[in-house]
Amino acid sequence: MTAHIACPLASLPVAAASSVKKDGWRGMMRALAAEGKLLITNHNQPEAVILSTAEYTRLVEAAQAARNASPDPLVELRRRFDERLAVLAEDATGDALRSAMRSPGQLGGRVKAGSTF
């Protein structure tokens, strides 16, 4: 299923809120049957959109397809973070850290920062 961009409100078929009282629910469903969506206005201002179940299902499926099509950017960040932290879970990590803290580093007049110095 291809995702469609939601149409602007101005392109939807319109029914005034007063027509809900005048035509009743059956009348609204007849108006809705033509395109599957109907803009309800109150004093010429958009107030609600009524969707058919088919149109609602299409929108939900399009949203799910869009969500599945683009990977979550946090997944890769989380994977790299967990990979770097995994070293801390190793048995020898504590000993290596204590050993490094006991002997001061030799900079030789140069500053070293980060993993790519």
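What you see is a predicted model; the values in this text were computed from it and never measured.

Caption draft 1: Molecular detail of the overall build of the chain. Along the backbone of the chain there are four helices and three strands. Beginning at the N terminus, the succession of helices and strands in the chain can be written as β-α-β-β-α-α-α. In the chain, which comprises 117 residues, the share counted as buried stands at 15%. In the chain, 44% of the contacts between residues at least 6 apart in sequence involve partners at least 24 apart. Surface accessibility of the chain: about 9800 Å² in total, with carbon and sulfur atoms responsible for 58%.

Caption draft 2: Looking closely at the pairing of strand β2 (residues 37-42). Most of β2 sits inside the fold, with five of its six residues counted as buried. By the bridge criterion, three bridges tie strand β1 (residues 14-16) to β2 in an arrangement that is parallel. From the neighbouring strand, Ala 16 faces β2, where its bridge partner is Thr 41. Taken together, β1, helix α1 (residues 17-35) and β2 constitute a β-α-β crossover, and its handedness is right-handed. Sheet topology note: the β2/strand β3 (residues 45-51) ladder contains six bridges and is antiparallel. What sits directly across from Thr 41, in β3, is Pro 46. Two successive antiparallel strands, β2 and β3, enclose a turn made up of two residues, where His 43 displays a positive phi of approximately 55°.

Caption draft 3: Main features of the pattern of salt bridges. If you walk through the whole model with that rule in mind, you get five salt bridges. Among the ionic pairs, Glu 83 bridges to Arg 79, the shortest N-O distance being 2.9 Å. With Glu 83 and Arg 79 both in helix α3 (residues 73-85) and four residues apart, this pair spans about one turn of that helix. Taking relative accessible area as the criterion, Arg 79 reaches 41% and is therefore assigned partly exposed. The network of salt bridges with shared partners includes Lys 37, Glu 55 and Arg 58.

Caption draft 4: Seen up close, the nonpolar core. Among the nonpolar cores identified, the biggest contains six residues, and these are Ala 15, Met 28, Leu 32, Leu 38, Ile 40 and Ile 50. Elements with a minimum of two residues in this core: α1 and β2. Apart from residues lying up to four places away in sequence, Ile 40 is in contact with Ala 15, Ala 16, Ala 17, Met 28, Gln 45, Pro 46, Glu 47, Ala 48 and Ile 50.

Caption draft 5: Local environment of the environment of Leu 39. Checked against the element boundaries, Leu 39 lands in strand β2. The spacing of Leu 39 and Leu 51 is twelve residues in sequence and 9.0 Å in space, taken between C-alpha atoms. Contacts of Leu 39, omitting those with residues within four sequence positions, involve Leu 9, Leu 12, Pro 13, Val 14, Ala 15, Pro 46, Ala 48 and Val 49.

Scoring rules and cut-offs
- Residues numbered from 1 in each chain as written.
- Predicted model: local features only at pLDDT ≥ 70, side-chain atom pairs only at ≥ 80, totals over all residues.
- Heavy atoms only, no water.
- Helix = DSSP H or I, 4+ residues; strand = E, 2+ residues; numbered from the N terminus.
- Buried < 20%, exposed > 50% of the residue type's maximum accessible area, 1.4 Å probe, protein only.
- Contact = heavy atoms within 4.5 Å.
- Areas by Shrake-Rupley, 256 points an atom, 1.4 Å probe, with all protein chains shown as cover.
- Pairing = 2+ DSSP bridges.
- Right-handed = clockwise from strand over helix to strand, strands pointing away.
- Salt bridge = Lys/Arg side-chain N within 4 Å of Asp/Glu carboxyl O.
- Core = buried A, V, L, I, M, F, W, Y, C linked by side-chain atoms within 4.5 Å.

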